[in-house]
Amino acid sequence: MRESVDILISGGGVAGLAAAAGFGAAGYSVVIVDPAPPITEGTALGADLRTTAFLQPSLPVLRDTGLWTRLEPHAMPLQVMRIVDAGGAEPEARIVHDFNAADVSEQPFGWNLPNWLLRREFVAHLASLPNVDFRPGTGTKALFTRESEALVTLSDGAQLRARLVIGADGRNSKVRKALGIGVSTTRYGQKALAFAVTHPEPHGNVSTEIHRSGGPFTLVPLPDHQGKPCSAVIWMETGPEIERLRDLPPEAFTDAMNTRSCGLYGRLELATTLTVWPIISQIAERWTGQRCALMAEAAHVVPPIGAQGLNMSLADLTTLLELATPETLGTPEMLQAYERRRALEVKLRQVGVDALNRASMLESRPLRDLRAGALNALYSVAPVRRGLMQLGIGMR
């Protein structure tokens, strides 16, 4: 016998869990599945040591879902975005520009939290919603759709009828593949190391991107760790260089990361293990199928620059929630409107992030000098500087 549900969400990452909270808060019956149970402790093997900065436009949906109440006590405000060019002959900061949120808003740019903590708080919140059924360790096995509903078979043999299936199951989405939707993928030959560090100098709620070559070295504020100021690091480089760095002895790695950080916060000390993530840009050829919608990395992937990734995913969720009514849930009209409202904006942001990433990868000294000159020029024109900050936050 098939179980009937309003919404089946395939994917229990941060975006899928947020979607379950959002539709659960709106009163829909929701089943959410993921073959991998979420890792909710930062010290556990396989923990996601990356962090997410929730930008201002993401706060309303987090508040409406009830998630922000849980997240706010752990969130670290991001007041200043500091861009550092270290592309000279030596790995030293030669240009430093601060973009202060106070120039465009009474609020910080965003609020930063570790991804493993997001999973912990999201899962705890879902447990309080009687109309949301989270089934970790269970995946989507098969999908068949017809005009009135989608029929989903799960990996444990259960069969469900759903008025809407949301594919939030990542860049290799099974839902997307079941719908026969292709993707356009750009590979940069990059990977990223994610880890956390302590340092003697306080971060002062400043997020710092240091550009030299291969990709940015980004430090993002975290709460103190063992009584010391702490930051999350995303270090992007070519794939072979990341593999070399990961395999260095601890002392050699510490020396390498301190050279790359230009000593801006004093001597960095590793506070966690290292995790490696491939860097790609990807977008689905379409975002919907019969009774199905793609969101988050099932629909779009961008390099981790400017905190765009998950905020774009929450914008997907906001749009789905705005369009959904008990009468229109999963209808062609709802799904067509969703794709119209999201696809163009995401493509434009993807182009912008791609350009920033390519600029950060420059190896040639003359091109790095041009990059530094462009940064100076953009920063020196106040209206342009404010416009860039508003665009980055997502303010309209």
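Look above for the structure.
Keep in mind it's a predicted model, so treat the numbers as computed, not measured.

J.: Would you take a moment to explain the overall build of the chain for this structure?
T.: Looking only at helices and strands, the chain features eleven helices and 20 strands. Over its C-alpha trace the chain gives a radius of gyration of 21 Å, about what one expects of a compact globule, namely 21 Å for 396 residues. Viewed in the frame of its principal axes, the chain has a C-alpha envelope of about 70 × 40 × 40 Å. A buried classification covers 52% of the 396 residues belonging to the chain. With the model as given, the accessible surface of the chain reaches about 16800 Å², and the carbon-plus-sulfur share is 55%. Each charge sign in the chain was given a centre, from 39 positive and 40 negative side chains, and these centres are 4 Å apart.

J.: What is the right way to read the packing of aromatic side chains from this model?
T.: Scanning all chains against the criterion turns up six aromatic pairs. Between F23 and Y28 the ring centres are 5.8 Å apart and the planes differ by 65°, which places this aromatic pair in the edge-to-face class. Neither F23 nor Y28 differs from the other in exposure class; each is buried. Ring geometry for F217 versus W235: centroids 5.2 Å apart, planes at 70°, classification edge-to-face. Placement of the pair is F217 in strand β14 (residues 217–225) and W235 in strand β15 (residues 228–238), with a sequence separation of 18 residues. For F217, a relative accessible area of 0% puts it in the buried group.

J.: Would you mind showing me how to read the layout of surface pockets here?
T.: Empty space left among the atoms is revealed by rolling a probe the size of a water molecule over them. Volume-wise, the second largest pocket comes out at about 540 Å³. For the second largest pocket, the lining is made up of 23 residues, of which G42, L49, W116, A196 and T272 are closest to its centre. Tallying contributions element by element places β14 first for the lining of the second largest pocket, with four residues. The residue inventory of the lining of the second largest pocket, partitioned by class, reads twelve nonpolar, nine polar and two charged.

J.: Is there a simple way to think about the sheet that holds strand β4 (residues 76–78) in this case?
T.: Backbone hydrogen bonds hold the strands of a sheet together, and the pairing may be parallel or antiparallel. Strand order in the open sheet formed by three strands is β3-β7-β4, with antiparallel pairing between adjacent strands. Sheet topology places β3 (51–55) and β4 at the edges, where each strand pairs with a single neighbour. Pairwise comparison of adjacent strand axes, ignoring direction, gives a mean angle of 35° for this sheet. Direction of pairing for β3 relative to strand β7 (residues 110–114): antiparallel, over a ladder of five bridges.

J.: I keep staring at the environment of S128 and nothing clicks. Help me out?
T.: Residue position: S128 is located in the loop between α4 (115–126) and β8 (132–136). Put simply, S128 and A21 are 107 residues apart on the chain and 9.9 Å apart in space, counted from C-alpha to C-alpha. Within the local environment of S128, its side chain forms a polar contact with the backbone oxygen of H125, the two atoms lying 2.6 Å apart.

J.: What should I look at first to understand the nonpolar core in this one?
T.: The tendency in soluble globular proteins is for nonpolar side chains to be buried as a group. Formed by 81 residues in total, the largest nonpolar core has its most connected members in I7, I9, F23, L126, V165 and M295. Per element, the largest residue contribution to this core is eight residues, and it comes from helix α1 (residues 14–25). Each residue touching M295, except ones within four places of it in the same chain, is listed here: A15, A19, I166, G167, A168, S313, D316, L317, L320 and Y338. Listed in part, the 18 residues of the second largest apolar core include L193, V197, L219 and L245.

J.: I keep staring at the side chain of R291 and nothing clicks. Help me out?
T.: In this structure, R291 sits in the loop between β18 (288–289) and β19 (292–294). Within the buried set, R291 has no salt-bridge partner at all; the shortest N-O distance to an opposite charge, 7.1 Å, is to E147. Here the side chain of R291 touches E147 through a polar contact of 3.0 Å, landing on its backbone oxygen. When sequence neighbours within four positions are dropped, the list of residues in contact with R291 reads R146, E147, S148, E149, A150, R163, L164, V165, L329, G330, T331 and L335.

J.: Which parts of the structure should I look at to understand the environment of I39?
T.: You can see I39 is positioned in the loop between β2 (30–34) and β3. Apart from the residues within four sequence positions on either side, I39 is in contact with A44, L45, G46, A47, W116 and R119.

J.: What am I meant to see in the side chain of S231 here?
T.: Its location among the elements puts S231 in strand β15. A relative accessible area of 1% means that S231 is categorised as buried. Only 2.9 Å separates the side chain of S231 from the side chain of H199, close enough to count as a polar contact. With residues up to four places along the chain from it excluded, the contact list for S231 reads F195, A196, V197, H199, H203, L219, V220, P221 and L222.

J.: Could you clarify how one ought to interpret the pattern of salt bridges in this entry?
T.: Any two side chains of opposite charge can pair, given that their charged atoms come close. Under the definition given, this model contains 22 salt bridges. E3 is the salt-bridge partner of R135, the closest N and O atoms lying 2.9 Å from each other. In this pair, R135 is assigned in strand β8 and E3 in strand β1 (residues 3–10), connecting sequence segments 132 residues apart. The class for R135 is buried, based on a relative accessible area of 16%. Since its relative accessible area comes to 33%, E3 is described here as partly exposed.

Reading the values: the criteria
Sequence order as written defines the numbering, with residues in each chain counted from 1. Predicted model: local features are reported for residues with pLDDT of at least 70 only, side-chain atom pairs are reported and counted for 80 or more only, and whole-chain, interface and lining totals are derived from all residues. Values reported for side chains reflect all heavy atoms of the structure, with hydrogen atoms and water molecules removed beforehand. Numbering goes from the N terminus for both helices and strands, where a helix is a DSSP run of H or I of at least four residues and a strand is a run of E of at least two. Radius of gyration: C-alpha atoms only; globule rule: 2.2 Å multiplied by the number of residues to the exponent 0.38. The cut-offs for exposure are 20% and 50% of the maximum accessible area for each residue type, with area from a 1.4 Å probe on protein chains only; residues under the lower value are buried, those over the upper are exposed, and the others partly exposed. Only the protein chains shown count as cover for residues, with accessible areas throughout obtained via the Shrake-Rupley method and a probe of 1.4 Å. Positive charges come from Lys and Arg, negative ones from Asp and Glu, while His and the chain ends are left out of the count. The atom standing in for a charge is NZ when the residue is Lys, CZ when it is Arg, CG when it is Asp and CD when it is Glu. Here a Phe, Tyr or Trp ring, Trp counted by its six-membered ring, pairs with any other such ring whose centre lies within 6.5 Å, and the pair is stacked when the planes are under 30 degrees apart, edge-to-face when over 60, and tilted otherwise. In this analysis the probe radius is 1.4 Å and the grid spacing 1 Å, with only protein atoms considered; a cavity is a set of points the probe fits into but cannot get out of, a pocket is an open set with protein on both sides within 12 Å along at least five of seven lines, and lining residues have an atom within 4 Å of a point. Grid points are joined across faces, edges and corners, and a volume is the space filled by probe spheres set on the points. Classes in brief: Ala, Val, Leu, Ile, Met, Phe, Trp, Tyr, Cys and Pro nonpolar; Asp, Glu, Lys and Arg charged; the others, Gly included, polar. Here, a strand pair is defined by DSSP locating no fewer than two bridges between the strands. Axis lines are fitted through C-alpha atoms, for helices just across the contact stretch, and the angle between N-to-C directions can take any value from 0 to 180 degrees. What qualifies as a polar contact is a pair of N or O atoms within 3.5 Å, subject to a donor-acceptor requirement within protein and to the restriction that residues adjacent in sequence count only when both atoms come from side chains. The term nonpolar core refers to a set of buried residues drawn from Ala, Val, Leu, Ile, Met, Phe, Trp, Tyr and Cys, joined through side-chain atoms within 4.5 Å. By the convention used here, residues are in contact when the closest approach between their heavy atoms is within 4.5 Å. When a carboxyl oxygen of Asp or Glu is within 4 Å of a side-chain nitrogen of Lys or Arg, the pair counts as a salt bridge.

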